[in-house]
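Reading the structure
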Amino acid sequence: MKKNITFILIILLAFVSACGVDDTSDIQPTDSYDRSALLVNWADNIIIPGYANFSQKLTALEVASEDFTQSPSAISLDGIRNSWLDANIAFQKISMFEIGRAQTLNYRNRLNVYPTNSQEIEGYISANSWNLELPSTIDAQGFSALDYLLYGLGTDQELLEKFTTGPNASSYKMYLLDLVTTMQNLTSEVFSDWNNGYRASYITNISSSASGSVDQTVNAFLFYYEKALRAGKVGIPAGVFSGSPLPQNVESYYNQTVSKLLLTQALNATVDFFNGKGFSSEYQSNGFSLNSYLEALGSEKNDASLETLINNQFQVAFSKIELLNDNFIQQITNDNTKMLEAYDELQRNVILMKVDMLQALSIDVNYVDADGD
Amino acid sequence: MHTNYHTYITKQTSATPLAVFRILFGFMMLVSIIRFWSLGWIDTLYIEPSFSFSYYGFYWLPNPGQFVYLLFFICGVSAIFVAIGYRYRVAILLFFLSFTYIELLDKTTYLNHYYFISCLSFLLIFLPANCYYSLDALRGRCEVSKNISAWTINSIKLLLCIVYLYAGLAKLNSDWLVSAMPLKIWLPSKYDIPLLGDLLQQNWIHYAFSWGGALYDLSIPFLLLWKPSRSFAFVLVVVFHVLTRILFPIGMFPYIMIISTLIFFDATLHGRILKFFSLILKKLQLYRSININTTTNANGFKIASYVVGVFMIVQLLLPWRYIMYPKELFWTEQGYRFSWRVMLMEKAGYAQFIVKNTKTGSQFAVDNSDFLTTFQEKQMSTQPDFILEYAHYLGNYYRSKGHQNVAVHVESFVALNGRLSQPFINPEINLLEVEDTFTHKNWILEFNDTIEGI
């Protein structure tokens, strides 16, 4: 019987020592799908080039904003408007990667909350006092605040007057410059973090837990697709969540003509990310991606593979978006049904990705930290 | 018949296994409570949610708010008292009540192993687990004896056998055995486990684990009961549960099961364990010995055996209630809970609630994150009774906000064991017109596949 207790002690020791195992995060994966290569492709060919491109466009916007504020004219106004659009398009490519520094900075909201609060902006300008670091000013900054200042102040003539001879001209200029500088600062903070250390920890964190890079990126991606793209750009202005349409909630409300363009760019970026398509022109082949991951897992559904179903559904959504007016305000006011149809097609991929894809990848929806049985 | 019953009920055995069980159970419960508390789950699971999902018939249960910490405290302290056998009856009763109260607060957190703890602690209320090696015995607060009725220990064994057997029976279905689902989904995602990670990608491993798991659950009760195979069975118990601990986030359950199965061993082993405890107590200068009159027996109170008997019959029958419902059990989950269906299926869902004005026809979609935590939303989207309760909550909420002629519909999709997601709840149904009952929920849409088996 003495033996018995030694034996039990050994067994107990064995399972106590096994307790720590599940927390290990830095072990090399050995299965057939190479998650490291997946993360490298995301980081090196999509995310970091995306930020590099956006930084470049922001620098151009900064230059243009200095030109414009130094000598407001029809020409410099045109220049800053073009730079604003270029930067806005470039932003749509990286908006979905709200992880790491971007997540702690609340980056997407700092850069692109809409609708903007024009009254608040006017208040700050006439008081000549603001602090864009305060959370309460989040709806008075970013692309949509610029949208207001560049397109929402009346005719071009009226706008130029506000920046030249108007009573608050210097305040308008300062505010405009501060908006651009803040966007630039936030972006360089995120971008430099990727370049200094975050990339290295990102591509090595192949843990299967909720804190692993794959889990985090996929969750951020899905959150973006569901809340920012599907709801923000289409669903909310079309009135899906409010009962009646809210055309004033479209993206770039004052410009009016680019809402569809921004949506298309965002959806393109989404599809490219899903298929692992690299950002730069030198790297266009389909790399490691959610598409190839699903392919490797062989997630056959009925007759088609899941990745094919998702890609097909993206195309259906594109075809519905194509039918929309460039001006979403007009589209919503005149024929909201088309807007709702586009929403429905975008919605179908929420289900295919959030339900079927996450199940296939066995990824948990955002940080559900509790025991299972 | 009556004589048989009488012989069985008065048959005596050593009290040591039950004493060891009491001590280890109390200790494990204390560790579980401390772990739960330190992980911050009391806050995230019980305080943060603004809405909680009630069990049928327990809607009246008051939500204690911040006092839930007090409940956990009571639970932890009573676990200590159970372990040391101090005012045992009160302690185990308090433990059962506080633990079960916590579990009843929100069915989002339902786990078979929490239910197991509730069952076990309920059972322990009726067993004379403090008659030996306890503070109560030392102070003469209870019947002190080295011997107890054999049925008391056997009842714990029976409960454990039920858990294993029913968990095994539940695995006898085509998804588990023929498709190796859901392990085919779960195992490959554990690629980063050292040594095993590579193996877990292999198809044959998915089948081996599925079949092995079913075989283990079905055979382990007998292997533990039969003396010649007992030691081997215990090795299996440890290997199996350690493996599940490594593979899945199942908290303390594996350890609790490993400790619990020690009850199958005879008194000699438990005597040695108690000697080991005595050694520690002596070192700490806390050891006191008492003389026990070996001729008396602690039988517990008379009604106990009847209560335990009825309890066991309920345990044996309850998991079969699903047979009374039509349609696929995994899809409708009618009679799914409280039946030891442990880690049996992979279900994911998405539920978009639509609030309609039945007069004007205007409608809008609900953002679930306004009302539910991510965890609650995840659980709600695959379980019909959650969906119904939440729909009623939304109905009341919007009525209170001044909305008129409110109807609540849901557009929901569920993917089961890797099948393509399908529509789940009939979107035409106004859920406010449906009441939750134990009758068949005919507002669940048809599952367009068949799962064979028990």
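Definitions and cut-offs
Each residue is numbered by its place in its chain's sequence as written, counting from 1. For naming, the first written chain is A and the first written ligand is 1, with later ones following in the order written. Two thresholds apply to this predicted model, a pLDDT of at least 70 for residue-level local features and 80 or more for giving and counting side-chain atom pairs, whereas whole-chain, interface and lining totals are computed over all residues. Put simply, DSSP marks the helices as runs of H or I at least four residues long and the strands as runs of E at least two long, and each gets a number from the N terminus on. Here a residue counts as buried when 20 or more other C-beta atoms fall within 10 Å of its C-beta, as exposed when 12 or fewer do, and as partly exposed in between; the C-beta atoms come from the backbone. By the criterion used throughout, residues are in contact when their C-beta atoms, derived from the backbone, lie within 7 Å. Two strands are counted as paired when DSSP detects at least two bridges linking them. Here an axis means a line fitted to C-alpha atoms, over the contact stretch when the element is a helix, while the angle between two N-to-C directions is reported on a 0 to 180 degree scale. For every residue, the predictor assigns a confidence score, pLDDT, that lies between 0 and 100. Roughly parallel here means an angle under 35 degrees, roughly antiparallel means over 145, roughly perpendicular means 65 to 115, and every remaining angle is called oblique. The nonpolar class holds Ala, Val, Leu, Ile, Met, Phe, Trp, Tyr, Cys and Pro. Asp, Glu, Lys and Arg form the charged class, and all remaining residues, Gly among them, are polar. A helix is expected to span 1.5 Å multiplied by its residue count minus one. The bend reported for a residue corresponds to the angle between axes fitted to the seven residues ending at that residue and the seven starting there. An automatic or database domain assignment supplies the residue ranges for each domain.

1. Some thoughts on the overall build of chain A
When you go through chain A residue by residue, the secondary structure sums to 15 helices and 2 strands. The buried share among the 373 residues of chain A stands at 45%. Across chain A, the fraction of contacts at a sequence separation of at least 24, relative to all contacts at a separation of at least 6, is 73%.

2. Digging into the environment of B:A351
All names here are of chain B. Turning to its location among the elements, A351 is positioned in strand β3 (residues 347-357). Taking the C-alpha atoms as reference points, A351 and S210, 141 residues apart in sequence, are found 30 Å from one another. Those residues within four positions of A351 in sequence are excluded, and the remaining contacts are M380, S381, I387, V410 and S412.

3. Re the pairing of strand β5 (residues 406-416) of chain B
Residues and elements named next belong to chain B. Of all 11 residues that make up β5, 8 are buried, and the element is covered over most of its length. Relative to strand β6 (residues 422-423), β5 runs antiparallel, the two being bridged by 2 bridges. Looking at β6, one finds that V414 is bridged to Q422. If you look at the hairpin formed by β5 and β6, you'll find 5 residues sitting between the two strands, and N417 has a positive phi there, around 50°.

4. A short note on the sheet that holds β5(B)
In any sheet, the strands associate via hydrogen bonds between backbone groups, in a parallel or an antiparallel arrangement. One open sheet accounts for 4 strands, arranged β4-β3-β5-β6 (chain B); its pairing is antiparallel. Since the sheet does not close on itself, it has two edges, and those belong to β4 (363-365) and β6 of chain B, each with one partner. Across the sheet, helix α15 (residues 336-361) of chain A is in contact with β3 and β5 of chain B; its angle to β3(B) comes to roughly 155°.

5. Structural notes on unusual backbone geometry
Cis geometry marks the peptide bond from A:Y114 to A:P115, where omega comes out at 5°. Relative to the helices and strands, A:P115 is located in the loop between α5 (107-112) and α6 (118-127). Each neighbour pair has its own omega, and for B:M181 with B:P182 the value is 5°, a cis peptide bond. Take B:P182: it is sitting in the loop between α9 (174-177) and α10 (183-186). Notably, A:N106 is not glycine yet its phi reads approximately 60°, a positive angle. Non-glycine residue B:W340 carries a positive phi angle of around 60°. In this fold, B:W340 is placed in the loop between α17 (329-332) and β3.

6. Considerations on the confidence of the model for chain A
In this model, chain A carries a mean pLDDT of 88, and residues with pLDDT of at least 70 account for 86%. Low pLDDT, under 50, characterises residues 11-31 of chain A; the predicted model gives this stretch 31 contacts beyond four residues in sequence or across chains.

7. Let's talk about the packing of helix α11 (residues 259-275) of chain A against helix α13 (residues 306-322) of chain A
Residue and element names in this part refer to chain A. With their axes 11 Å apart at the nearest point, α11 and α13 run at an angle of 170° to one another. Considering their axes alone, α11 and α13 lie roughly antiparallel with respect to each other. Contacts from K260, L263, T264, L267, V271 and F274 of α11 reach α13 at I310, F314, A317, F318 and I321. Residue composition of the contact of α11 with α13, by class: 9 nonpolar, 1 polar and 1 charged.

8. Some details on helix α9 (residues 169-204) of chain A
Over its 36 residues, α9(A) extends 51 Å from the first C-alpha to the last, a length consistent with the 52 Å expected when each residue adds 1.5 Å. Of all the bends in α9(A), the greatest, near 65°, is centred on A:Y198.

9. Comments concerning the confidence of the model for chain B
Per-residue confidence for chain B averages 93 on the pLDDT scale, and 97% of its residues sit at or above 70. Here the predicted complex scores 0.89 on pTM and 0.86 on ipTM.

10. Structural notes on the domain arrangement of chain B
All names here are of chain B. Partitioning chain B into structural domains gives domain 1 (2-170 + 266-322) and domain 2 (346-433). If you average the C-alpha positions of domain 1 and of domain 2, the two centres end up 39 Å apart. Between domain 1 and domain 2, the contact holds 7 residues from the first and 9 residues from the second. Looking at the side of domain 1 that touches domain 2 residue by residue, the classes come out as 3 nonpolar, 3 polar and 1 charged.

11. Focus: the environment of A:V218
Summarising the element assignment, A:V218 is placed in helix α10 (residues 213-235). Along the chain, A:V218 and A:F274 lie 56 residues apart, while their C-alpha atoms are 9.7 Å from each other.

12. Section: the environment of B:A150
Residues and elements named next belong to chain B. Along the chain, A150 turns up in helix α8 (residues 150-170). The class of A150 is partly exposed, set by 15 C-beta atoms lying within 10 Å. The spatial distance from the C-alpha of A150 to the C-alpha of L199 is 45 Å, given a sequence separation of 49 residues. In this structure A150 touches K11, Q12 and T13, once residues within four positions along its chain are discounted.

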